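# Secondary and tertiary structure notes
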Amino acid sequence: MAKNKKLWSGRFQKPTDEIVERFTASVHYDRRLYAYDIDGSIAHAQMLAAEKIISGAEAARIIKALKKIRQDIEKGKLSFSVADEDIHMAIEKEIVRSIGETGGKLHAGRSRNDQVVLDVRLFLRAETRQIDLLISRLQASLVRLAKKHIKTIMPGYTHLQKAQPVLLAHYFLAFWEMFERDRARFKNCGERINVSPSGAAALAGTGLPIDRRKTAKMLKIPVVSKNSMDTVADRDFIAEFIFAAALTMMHLSRFCEDLILWSSGEFDFAEISDAYTTGSSIMPQKKNPDVAELIRGKTARVYGDLMAILTLLKGLPMTYNRDLQEDKEPLFDAVDTVKDCVIVFTRMLVNTEFKAERMYAAAADGFSTATDIAEYLVKKGVPFRKAHEIVGKVVAHCLAGGQTLAQLSLAEYRKFYKGFSDDIYDVIRLEKAIGARKHTGGTAASSVTKRIKEIEKNKNKS
Ligand code: ARG
């Protein structure tokens with residue numbers, strides 16, 4: 001066979017223009033799917049032999065050639081050119097080159113349209129499991145940090161204004177919960193990824209007596225798709241996956257935003273290790289949280305990947321269209337970005353020092369227990385709205401006189417409400433305010449510890 005002869009060249013009179021070869025080629029990036037393409041082809045060849053569409057000896061020769069191709073690719077002995085178009089064509093061409101006509105028997109009962117979906121599904125199944133593992137490691141670090149900081153008090157914020165004191169452990173576990181939902185999303189979308197398209201062929205199935213279940217079983221895929229047209233047109237699982245990745249990135253990005261703020265001189269709540277920061281080319285004093293900033297920045301890329309896939313799909317007529325080749329680069333980018341970011345973020349986090357004293361001082365300053373005074377009055381029978389008003393006036397008074405809630409004398413408190421007594425000074429202690437929030441989901445050490453125990457118990461179960 002001539003070197004550049006296309007596997008589909010039968011009905012063509014002129015060779016493909018070089019510019020078109022380059023323009024339509026995807027092998028420079030979809031070569032990444034080679035191992036899955038080979039696994040899928042081996043399963044397909046075995047099924048063809050089991051169903052007597054090809055002989056056992058032919059299947060054996062094809063499989064041997066496929067395994068050799070895998071080795072050659074891994075050893076860097078086999079390189080592809082744009083003339084090979086995509087990884088599926090490149091591998092098939094190589095089989096034919098190495099074993100001759102028998103190689104041409106492999107493509108019976110399939111099309112690149114179901115083949116490419118199979119490859120991407122196998123790839124994404126493996127990547128989704130890997131991502132789950134990486135996020136679970138990040139979660140384990142969060143639990144360790146929560147245990148370490150079960151007594152560390154920090155100001156909790158709303159509107160970036162000091163709101164109420166919380167435990168730093170509670171803060172860490174807030175992210176644990178977000179990442180737990182992310183894992184559930186990947187897992188759930190993983191069920192829709194793990195469906196076998198093999199046998200849908202170009203769009204209508206095949207007239208050959210294939211056994212789709214057999215192919216799926218060999219690839220450890222539990223179900224086969226139910227409609228051949230849907231099978232080759234569907235990229236929902238890619239959109240879903242990138243959405244899950246985008247949410248994980250968003251969570252990382254928010255976490256990074258806090259770490260960036262906390263690293264500033266103004267907050268000074270945290271110090272990221274030198275190893276995870278960079279310097280300035282001009283200002284010698286600078287230590288910048290570039291890693292956290294880049295994770296925040298890369299979140300935008302993954303959002304872009306999601307928009308790309310959604311937009312790619314919206315106007316496509318049924319069923320396969322070449323536009324779909326454009327699904328791979330955004331997908332690969334989303335996979336690589338989310339994995340890198342989870343890994344680097346975890347390492348940065350465990351190499352960050354959290355400054356308990358600074359956090360405590362910030363929590364003590366700024367009336368963060370004002371709500372506790374209002375709740376103290378509620379317990380004395382004052383309607384909450386009224387209590388809110390009273391404490392608002394107390395705060396205004398403190399602000400005017402440059403005092404804190406703890407510095408106000410009992411006589412002064414009583415000017416605002418007669419029922420104040422000495423126990424008010426206990427109520428406004430940060431430890432007390434935190435300890436009082438002991439319901440499920442509250443920030444009291446007892447609640448947070450309970451949650452840690454639940455998490456650890458479930459982990460041992462799974
Ligand atoms: N490289 C193509 C893709 O990624 C494979 C399928 C091509 N099928 C076709 N009929 N042109 O979508």
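In the block above lies the structure referred to throughout.
Residues numbered from 1 in each chain as written. Predicted model: local features only at pLDDT ≥ 70, side-chain atom pairs only at ≥ 80, totals over all residues. Heavy atoms only, no water.

### Topic: the packing of helix H6 (residues 112-148) against helix H19 (residues 445-461)
At a minimum axis separation of 11 Å, H6 and H19 run at an interaxial angle of 150°. In this structure, H6 meets H19 at a crossing whose hand is left-handed. Within the contact between the two elements, H6 uses Val143, Ala146 and Lys147 and H19 uses Ile452, Ile455 and Glu456. For the contact of H6 with H19, a count of residues per class yields 4 nonpolar, no polar and 2 charged. (Axes fitted to C-alpha atoms, helices over the stretch in contact; angles between N-to-C directions. Helix = DSSP H or I, 4+ residues; strand = E, 2+ residues; numbered from the N terminus. Left-handed = near helix turned anticlockwise from the far one by under 90°. Contact = heavy atoms within 4.5 Å. Nonpolar A, V, L, I, M, F, W, Y, C, P; charged D, E, K, R; others polar.)

### Let's talk about helix H11 (residues 290-314)
Taking 1.5 Å of rise per residue, 25 residues should cover 36 Å, and H11 covers 37 Å from first to last C-alpha, within 8% of that figure. Buried-residue contacts for H11 involve helix H10 (236-263) and helix H12 (328-350). (Expected span 1.5 Å × (residues − 1).)

### Notes on the site of the ligand
Every residue lining the ligand is accounted for by Ser26, Asp86, His88, Arg112, Asn113, Val116, Tyr320, Arg322, Gln325 and Lys328. Between the ligand and the protein, one listed contact pairs an oxygen atom with a side-chain N or O atom of Tyr320 at 2.4 Å. Against a free-state accessible area of 340 Å², the protein chains account for coverage of 86% of the ligand. The element contributing the most residues to the shell around the ligand is H6, with 3 residues. When grouped by side-chain class, the residues that make up the shell around the ligand number 2 nonpolar, 4 polar and 4 charged. (Near = heavy atom within 4 Å. Polar contact = N/O pair within 3.5 Å; in protein donor to acceptor, adjacent residues only side chain to side chain. Areas by Shrake-Rupley, 256 points an atom, 1.4 Å probe, with all protein chains shown as cover.)

### So, helix H4 (residues 56-74)
The end-to-end C-alpha distance of H4, which contains 19 residues, comes to 27 Å, matching closely the 27 Å that a straight helix rising 1.5 Å per residue would cover. By the burial criterion, the buried members of H4 are Glu58, Ala59, Ile62, Ile63, Ala65, Leu66, Ile69, Arg70, Asp72 and Ile73. The inward-facing, buried residues of H4 abut helix H3 (34-50) and helix H5 (87-99). Immediately downstream of H4, the backbone of Gly76 shows phi near 75°, a positive value. (Buried < 20%, exposed > 50% of the residue type's maximum accessible area, 1.4 Å probe, protein only.)

### A look at empty space enclosed by the protein
One way to see where empty space is left: roll a probe the size of a water molecule over the atoms. A complete count under the given rule lists 2 cavities of 30 Å³ or more for this structure. Of the volumes computed, that of the largest cavity is approximately 40 Å³. As for the largest cavity, its lining consists of Lys5, Lys6, Leu7, Trp8, Ala83, Asp84, Glu85, Met89 and Lys93. Class assignment of the residues belonging to the lining of the largest cavity gives a composition of 4 nonpolar, no polar and 5 charged. Taken as a whole, the second largest cavity encloses approximately 40 Å³ of empty space. The biggest single contributor to the lining of the second largest cavity is H6, with 3 residues. (1 Å grid on protein atoms, 1.4 Å probe; cavity = no way out; pocket = protein on both sides within 12 Å on 5 of 7 lines; lining within 4 Å. Points joined across faces, edges and corners; volume = space filled by probe spheres on them.)

### Some details on the nonpolar core
Ranked by size, the top nonpolar core spans 109 residues in total, and within it Phe172, Phe241, Phe255, Trp262, Phe345, Leu349 and Phe354 carry the most contacts. Non-local contacts of Phe172, meaning those with residues more than four positions away in its chain, are made with Leu142, Leu145, Ala146, His149, Phe255, Leu349 and Phe354. Counting residues in hydrophobic clusters, the runner-up holds 20 residues, among them Ile373, Ala387, Val427 and Ile428. (Core = buried A, V, L, I, M, F, W, Y, C linked by side-chain atoms within 4.5 Å.)

### Section: the pattern of salt bridges
Within this structure, the stated rule accounts for 35 salt bridges. With its nearest N and O atoms 2.9 Å apart, the salt bridge here joins Asp72 to Lys68. Highlighted residues: Asp72 and Lys68, both in helix H4, separated by 4 residues, approximately one helical turn. Since its relative accessible area comes to 9%, Asp72 is described here as buried. Residues Asp327 and Arg235 are paired through a salt bridge, measuring 2.9 Å at the closest nitrogen-oxygen approach. (Salt bridge = Lys/Arg side-chain N within 4 Å of Asp/Glu carboxyl O.)

### Considerations on the environment of Pro209
On the secondary structure map, Pro209 appears in the loop between strand S3 (195-196) and helix H8 (212-218). Since its relative accessible area comes to 51%, Pro209 is described here as exposed. Pro209 sits 143 residues away from Leu66 along the chain, and the two C-alpha atoms are 23 Å apart. What Pro209 contacts, discounting residues up to four positions off in sequence, is Glu51 and Ile53.

### Description of unusual backbone geometry
Omega for the peptide link from Met318 to Thr319 comes to 0°, which places this bond in the cis form. Mapped onto the secondary structure, Thr319 falls in the loop between H11 and H12. The residue His159 is not glycine, and still its phi comes out positive at about 55°. Judged by its relative accessible area of 73%, His159 falls in the exposed class. One non-glycine residue, Phe367, lies in positive phi territory at about 60°. Inspection of the secondary structure assignment puts Phe367 in the loop between helix H13 (356-364) and helix H14 (370-379).

### Digging into the environment of Arg183
By the secondary structure assignment, Arg183 is in helix H7 (residues 168-193). With a relative accessible area of 21%, Arg183 lands in the partly exposed category. Counting along the chain gives 152 residues from Arg183 to Val335, while the straight-line C-alpha distance between them is 14 Å. Ignoring anything within four residues of it in the chain, the contact list for Arg183 reads Asp132, Ile135, Ser136 and Gln139.

### Some details on the packing of aromatic side chains
The tally for this structure, following the rule as stated, stands at 19 aromatic pairs. Between Tyr413 and Phe420, the ring centres sit 4.9 Å apart and the planes meet at 50°, which makes this aromatic pair tilted. With relative accessibility at 0%, the residue Tyr413 sits in the buried group. One aromatic cluster in this structure is built from Tyr157, Tyr171, Phe172, Phe175, Phe179, Phe255, Trp262, Phe267, Phe269, Phe345 and Phe354. Directly above the ring of Phe332 sits Arg32, whose terminal nitrogen or CZ lies 4.7 Å from the centroid. (Phe/Tyr/Trp six-rings, centres within 6.5 Å; stacked < 30°, edge-to-face > 60°. Lys NZ or Arg CZ within 6 Å of the ring centre and 35° of its normal.)

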